Amino acid sequence: MENKPKFLCSLPWEHLSIHPHGHSSPCCEVDWGSDIAFAKNKINGQYTPSVLNIDRDGPEAIMNSDAYKQIRKEMLAGDVPTPCLTCYRLEEAGGQSKRNREKIVEEDYLRSITQDDGTIEVDIQNLELRLGNYCNLKCRSCNAESSTSWIDDYYKLKDEIHMPSIFDKLKNSEDTSYEWVDKEEFYEEILKYTSKLHRLQISGGEPFLVDKHSHLLDLLIDNDIAKNVHISYITNANYNFDKVSQKFFDKLTKFKSVNMSISIDDVDKRNTYIRSLSNWNLTIKNLKRFINEYPSFHYSVTQTINVFNFLYVEELSQFLINEGLLSLTGKKPLYINDNYVFSPEYQSANVLPLDVRREKIDSIEGKLPVTFYNRLKSNFYNTDCNELGIDWIKTTNAVDRVRREKVTDIFPELYKIIANEYKI
């Protein structure tokens, strides 16, 4: 019997993923329960609680931190590093992991560029930048760590309800910095390690509100690197295009390819409630303008499925189809991605009773792209109810009070189902 191939992945060698608060992880889908999910070093053979920060420590120290070196050594030894258990478990269950979606490199090559202690010459080919927490929205599934608009609500609510955030702890930590996104020196330092860059992923917060990152685009263009780079953005498209982002779009025409993913979770008033402070008409207006004025770019809508929009999940796709922007066969200028809220658990669609989820899923076959529908079904058709409806109601009502909103005005059917199920 053949030996099972080693669990190898290119990312620990060539990828840098920087989070809004300046911490870095081997990728964005690591097992966050691992003690080396973030870049750390050892003292006297033990990992310290301190986490390296891109602003203070820089790319070289992070990529050759003790944590990253351990991950590389374990992979080459045939082991699965603990941060990589997310991909390993998914693959064992027959799913497609982030590792599968990336290139799986040859072991001999990795050994040739890796010293015995796991050190490498830093050569970042795949870069992910989450540009701080500047954001003009405060989405229900987000938090203060990723959105400045959430901060006031966070401080009003953090002692009353369970919040999916430790913003005050992060803000006061010596290991945390949100300022790196506004420093030209950071982008100039990154350039030293990206001569072979081929993939750049940028998100936030809202990345187009971080004006300084245009300096990185200029550096990549001026140094003849941009022409080889596939660049992608995640944006909420809620801004004055002429004043905020047109200059970025013009620069992006110099890159090898551009993928623009627009975050939309539902239609009209429901989307505005879920993605608080958003303007539905402005979102759709900008989406159409992007497609019409920059037709060489690739466009997608990313819909994040949660307890709020599950009962209406197909309506966004149907709206886009009616607008002539989406086709279930994929022949239109736009495609739709599915994303899922599993944390905090009280915002997952698994709050809903299983029979309600099954009835919904059965009723919408053929109304969503096939891959979207199949993933939705695999995530929710057979999973038990998580019994957190009371937590959802308590949290939702508390946020409503602070924001002067009312969930029963926007999602009366949803509220009734959960209230009846939990006898509230």
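So, how was this worked out
- Once a new chain begins, its residue numbering starts again from 1 and follows that chain's sequence as written.
- Side-chain atom pairs in this predicted model are given and counted only at pLDDT of 80 or more, local residue features only at pLDDT of at least 70, and totals for whole chains, interfaces and linings cover all residues.
- Each side-chain value is worked out from all heavy atoms of the structure, with water and hydrogens disregarded.
- Here a helix means four or more residues in a row that DSSP labels H or I, a strand means two or more in a row labelled E, and each is numbered from the N terminus.
- Any N or O atom pair separated by 3.5 Å or less is treated as a polar contact, with the protein-specific requirement of one donor-capable and one acceptor-capable atom, and with residues adjacent in sequence counted only for side-chain atom pairs.
- For this analysis, residues touch if any pair of their heavy atoms sits within 4.5 Å.
- Using a 1.4 Å probe on the protein chains alone, a residue whose accessible area is under 20% of its type maximum counts as buried, one over 50% counts as exposed, and one in between counts as partly exposed.
- Here, a strand pair is defined by DSSP locating no fewer than two bridges between the strands.
- We call Phe, Tyr and Trp rings a pair once their centres come within 6.5 Å, taking the six-membered ring for Trp, and we label the pair stacked below 30 degrees between planes, edge-to-face above 60, and tilted otherwise.
- Axes here refer to lines fitted to C-alpha atoms; in helices the fit is confined to the stretch in contact. Angles between the N-to-C directions go from 0 to 180 degrees.
- Oblique is the label for any angle not under 35 degrees, not over 145, and not in the 65 to 115 range, which are roughly parallel, roughly antiparallel and roughly perpendicular in turn.
- Take the far helix as your reference; a near helix turned counterclockwise from it by less than a right angle gives a left-handed crossing, and one turned clockwise gives a right-handed crossing.
- Under the grouping applied here, Gly and all other residues not named as nonpolar or charged are polar, the nonpolar ones being Ala, Val, Leu, Ile, Met, Phe, Trp, Tyr, Cys and Pro and the charged ones Asp, Glu, Lys and Arg.
- Surface patches are drawn from residues lacking salt bridges whose relative accessible area is over 30%; two like charges belong together within 9 Å, two nonpolar side chains (Val, Leu, Ile, Met, Phe, Trp, Tyr) within 5 Å.
- Surface accessibility follows the Shrake-Rupley procedure with a 1.4 Å probe radius. Residue values consider only the protein chains on display as shielding.
- In what follows, salt bridge is the name for a side-chain nitrogen of Lys or Arg lying within 4 Å of a carboxyl oxygen of Asp or Glu.
- Charge convention: Lys and Arg are scored as positive, Asp and Glu as negative, and His as well as the terminal groups of each chain are ignored.
- To locate a charge, take NZ of a lysine, CZ of an arginine, CG of an aspartate or CD of a glutamate.
- Any cysteine sulfur atom paired with another within 2.5 Å is treated as part of a disulfide.

Peer 1: Explain the side chain of Asn386 to me, and be specific about the residues and the numbers.
Peer 2: With respect to the helices, strands and loops of the structure, Asn386 is situated in the loop between α17 (370-380) and α18 (389-403). A distance of 3.0 Å separates the side chain of Asn386 from the backbone nitrogen of Leu388, its partner in a polar contact. Beyond its immediate chain neighbours, meaning those up to four positions away, Asn386 contacts Glu345, Ser348, Asn350 and Val351.

Peer 1: Describe in detail the pairing of strand β7 (residues 199-203), supporting the description with residues and values.
Peer 2: With four of five residues buried, β7 lies mostly within the body of the structure. For β7 and strand β8 (residues 230-235), the ladder comprises four bridges, and the chain directions are parallel. Among the inter-strand pairings, Leu200 is bridged to a residue of β8, identified as Ile231.

Peer 1: I'd love a proper account of the packing of aromatic side chains, names of residues and values included.
Peer 2: Summed over the entire model, instances satisfying the criterion amount to 31 aromatic pairs. Summarising the aromatic geometry, the rings of Phe7 and Tyr88 are spaced 5.9 Å apart at their centres and angled 70° between planes, so their arrangement reads as edge-to-face. Of the two residues, Phe7 is situated in the segment before α1 (11-14) and Tyr88 in helix α4 (residues 85-92); the sequence distance between them amounts to 81 residues. By relative accessible area, which is 8% here, Phe7 ends up buried.

Peer 1: Tell me what's going on with the packing of helix α16 (residues 354-363) against α17, and back it up with residues and numbers.
Peer 2: Contact geometry for α16 and α17: axes closest at 10 Å, N-to-C directions at 165°. Here α16 lies roughly antiparallel to α17, going by the angle between them. Read as a crossing pair, α16 and α17 show a hand that is left-handed. Only Tyr373, Leu376, Lys377 and Phe380 of α17 make contact with α16, whose side of the interface consists of Leu354, Arg357, Ile361 and Asp362. Looking at the contact of α16 with α17 residue by residue, the classes come out as five nonpolar, no polar and three charged.

Peer 1: Would you mind going over the packing of α18 against helix α20 (residues 412-421) in detail, with residue names and values included?
Peer 2: Relative placement of two packed helices is described by the angle separating their axes and the distance separating the axes. In contact at an axis separation of 9 Å, α18 and α20 are set at 135° when each is read in the N-to-C sense. Here α18 is positioned oblique relative to α20, judged by the angle of their axes. α20 is crossed by α18, and the crossing has left-handed handedness. Here Gly389, Trp392, Ile393 and Asn397 of α18 come into contact with α20, specifically with Leu414, Tyr415, Ile418 and Ala419.

Peer 1: For the sheet that holds β7, give the residues involved together with the corresponding values.
Peer 2: The mixed open sheet is built from eight strands, whose spatial order is β2-β1-β5-β7-β8-β9-β11-β12. Looking at the sheet topology across the chains shown, the edges are occupied by β2 (24-25) and β12 (334-340). Both β8 and strand β9 (residues 257-263) contribute to a ladder of six bridges, which runs parallel. When the bridges of β9 are listed, His230 appears paired with Ser257. Relative to strand β11 (residues 298-305), helix α15 (residues 313-322) is tilted by about 160°, and along the sheet it contacts β11 and β12.

Peer 1: Can you tell me about unusual backbone geometry, naming the residues and giving the values?
Peer 2: Cis geometry marks the peptide bond from Gly204 to Gly205; its omega dihedral reads 15°. Residue placement: Gly205 occurs in the loop between β7 and α10 (214-222). Not every positive phi belongs to a glycine, and Asn44 is a case in point at roughly 55°. With respect to the helices and strands, the residue Asn44 is situated in the loop between β3 (42-43) and β4 (46-47). Assessed through its relative accessible area of 78%, Asn44 is described here as exposed. Phi is positive for Leu277, close to 80°, though the residue is something other than glycine.

Peer 1: Let's hear about a negative patch on the surface: which residues, and what values?
Peer 2: Side chains of Asp355, Glu359, Asp362, Glu365, Asp384, Glu387 and Glu421 sit close together on the surface and give a patch of like negative charge. In terms of residue count, α16 provides more of the negative patch than any other element does, three residues in total. One can find Glu387 in the loop between α17 and α18.

Peer 1: Let's hear about the pairing of β9: which residues, and what values?
Peer 2: With respect to burial, β9 is a largely interior element, six of its seven residues being buried. Bridge count for β9 against β11 is five bridges, and the pairing is parallel. By the bridge assignment for β11, Ser261 is matched with Ser300.

Peer 1: Let's hear about the environment of Ser203: which residues, and what values?
Peer 2: Along the polypeptide, Ser203 turns up in strand β7. Sequence-distant contacts of Ser203, that is, excluding residues within four places in its chain, are made with Leu129, Arg130, Leu131 and Ile234.

Peer 1: Give me the lowdown on the state of the cysteines, citing residues and values where you can.
Peer 2: Tallied over the full model, the rule gives zero disulfides. Between Cys135, a cysteine without a disulfide, and Cys139, which holds the nearest cysteine sulfur, the sulfur-to-sulfur distance is 6.3 Å. Its sulfur unpaired, Cys139 is 6.1 Å from the next cysteine sulfur, which belongs to Cys142.

Keep in mind that these numbers describe shape and distance, not what the molecule does.
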